[in-house]
Amino acid sequence: MGLLTHRFRFIVVFGCFLCLTSINSNYITMNFTFICMENDMTGAIPDSNGTLHSRFKYTPTEKNYIVWAVAAGTILGTFPINWAYINFGARYPFFIAGTLSVISTAMIPFAASSSFLFLLTLRFVQGLAYSADFAAIGLVTVRWAPLAETGLFMSVMTSFTPVSTSITNPVSGWICESSLGWKWAFYGHAVMCAIVFMAWIGYYTDNPATHKAVDSEELKKIQKGKTRAHIEGDSFVPYKAICKNHIILIVWFNSFAEMTTVTLLLTYMPLYFNKVLGFDVVMTGLLAAVTSFLHAPLKWLSGYLSDSITSIPEHVKMQVLNFIAVGFSGICCFVIGAAKRAGDGYVAVFFFAAVYCAMAVNCGGFYKTGTLVARQYAHFVLATIQFMKCVALVAAPASWAIFVRDESNATEWSYVFYLNGAVLILANIMFVFICTDKPAEFTYITRDNPDGHHDVSAMEIKTGQTEREAPDSVVESQSISETKSRPEARSPEDSKSQQESKSQSQKSSPKT
């Protein structure tokens, strides 16, 4: 396999990233095509004076309903899909979500031509599919990411939003202006989604120990430092203890603040660039793509640096990165609100890009904190972050609807940016005081240990990256028991070496 020897986990994370990107692209395609749909006079409707109007020109209220329909689907789907992930793994539930996204996206042009209610229904289905995204990130990270690579895994998979925007906006703009027309923006995205999910169902399994492409060396790296409960992937989750933990609550608040701003920018950036800043359709697509594209490489870089820099304490790295992602972004929102009022539209564009660049490092901030604190229960924490994004899908349009009556009025838009900036700054201040990389007390709670007793020798695998260590014999027995169940990953030399290691470990272990 060359460069990918002992690295199959990177194929898993990249494939999941493509699926996440495709589902997100399917639902945000509508945000850009609003601009060009209103120029389609097919089936035009006459008003009381006999003047023809495009049936695809939606009022601000109707646009909000179209956005909120996705939010409603995501809200209602988040916890059921999380339950499905916990009980059935990610392979089939995520594939079903992808299938729903393909079907609903392909049918949107027909629904837009026939019935507004039908259009809202399909947008609701897109929301159901989208609700599977963050739980998938959580489960793939829990099952496939070594603790030492958590930041990298999170940075790659959570970059699906800006990557999908940087692809969807210019592609949709080009298709809208071509002879194909806006409908093919939806058809094309549906086809690509079908392709990546067919690949997903073909290569993904939930347990690295049973995957034929994972050898014993890679498996040992994936499992290093994890508890038995973490490795075994029991469906038990101490929901009450997690929801009462103040660190997790503040992590969720930071995610809500950041995602509300991201949702606002992604949803209304094309409209703001076109109506307020005065850019044409093609230029709007290009500017939106550039500002979004900058986010992805910075996110990947920050994830790598967050894991690889060891000279700075982990909690300090997370505080710094969270300030950049949340606190500094809040400051930029204030500048955006003031920029156009000062008459400089390109200043606003620059700080739009600054917000995206700053938020790129969030994987090393509240995301990483939530994952390290929750450990084997990180999938539930990230699924709830998905729920925060659902709430953001309602809060962002609501904040826009409260202040904006005239889509071309820069002053009304500025109040929206000021509000979001203030919430971001407050969230970051709270995060500074609770940031930690230590596993929470609830990580000791398991099905067999409901009281959370700290029986370290029975529950932990030795690691140099956590304060909770176990005797060497636990490491050896765990490693051998895992690899014994996977004969395809071992050579005869591996088996002999492991048996000798086991024998030596038993002789050296203290008698009890």
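One can find the structure itself at the top, above this paragraph.
Please read all numbers here as calculations on a predicted model, not as lab measurements.

1. Let's talk about empty space enclosed by the protein
As enumerated under the stated definition, the model contains 7 cavities of 30 Å³ or more in all. Computed from the structure, the largest cavity encloses a volume of approximately 140 Å³. Forming the boundary of the largest cavity are 14 residues, of which Thr158, Thr161, Glu258, Val262 and Asn362 lie nearest the centre. Contributing elements (two or more residues each) for the lining of the largest cavity: α7 (160-177), α12 (246-276) and α14 (295-308). As a volume, the second largest cavity reaches approximately 120 Å³.

2. Quick notes on unusual backbone geometry
Positive phi values are uncommon outside glycine, yet arginine 375 reaches one of about 50°. With respect to the helices and strands, the residue arginine 375 is situated in the loop between α17 (366-374) and α18 (378-403). A residue is classified by how much of its surface remains accessible, and arginine 375, at 8% relative accessible area, is buried.

3. Some words on α12
Its maximal kink placed at tyrosine 268, α12 deviates by approximately 55°, while the proline proline 270 follows within four residues. Of all 31 residues in α12, 26 are buried; the element is thus mostly enclosed. Capping of α12 at its N-terminal end is provided by asparagine 245; its side-chain oxygen lies 3.0 Å from the backbone amide nitrogen of isoleucine 247. Phi turns positive one or two residues past the end of α12, at glycine 278, with a value near 85°.

4. Points about the nonpolar core
Among the nonpolar cores identified, the biggest contains 117 residues, and Phe94 and Trp200 are the most heavily contacted of them. Take this core: its biggest share by element is 17 residues, from α12. Within the second largest apolar cluster, 17 residues are counted, among which are Phe34, Tyr58, Ala111 and Ala112.

How each quantity is defined
- Residues numbered from 1 in each chain as written.
- Predicted model: local features only at pLDDT ≥ 70, side-chain atom pairs only at ≥ 80, totals over all residues.
- Heavy atoms only, no water.
- 1 Å grid on protein atoms, 1.4 Å probe; cavity = no way out; pocket = protein on both sides within 12 Å on 5 of 7 lines; lining within 4 Å.
- Points joined across faces, edges and corners; volume = space filled by probe spheres on them.
- Helix = DSSP H or I, 4+ residues; strand = E, 2+ residues; numbered from the N terminus.
- Buried < 20%, exposed > 50% of the residue type's maximum accessible area, 1.4 Å probe, protein only.
- Bend = angle between axes of the 7 residues up to and from the residue.
- Polar contact = N/O pair within 3.5 Å; in protein donor to acceptor, adjacent residues only side chain to side chain.
- Core = buried A, V, L, I, M, F, W, Y, C linked by side-chain atoms within 4.5 Å.

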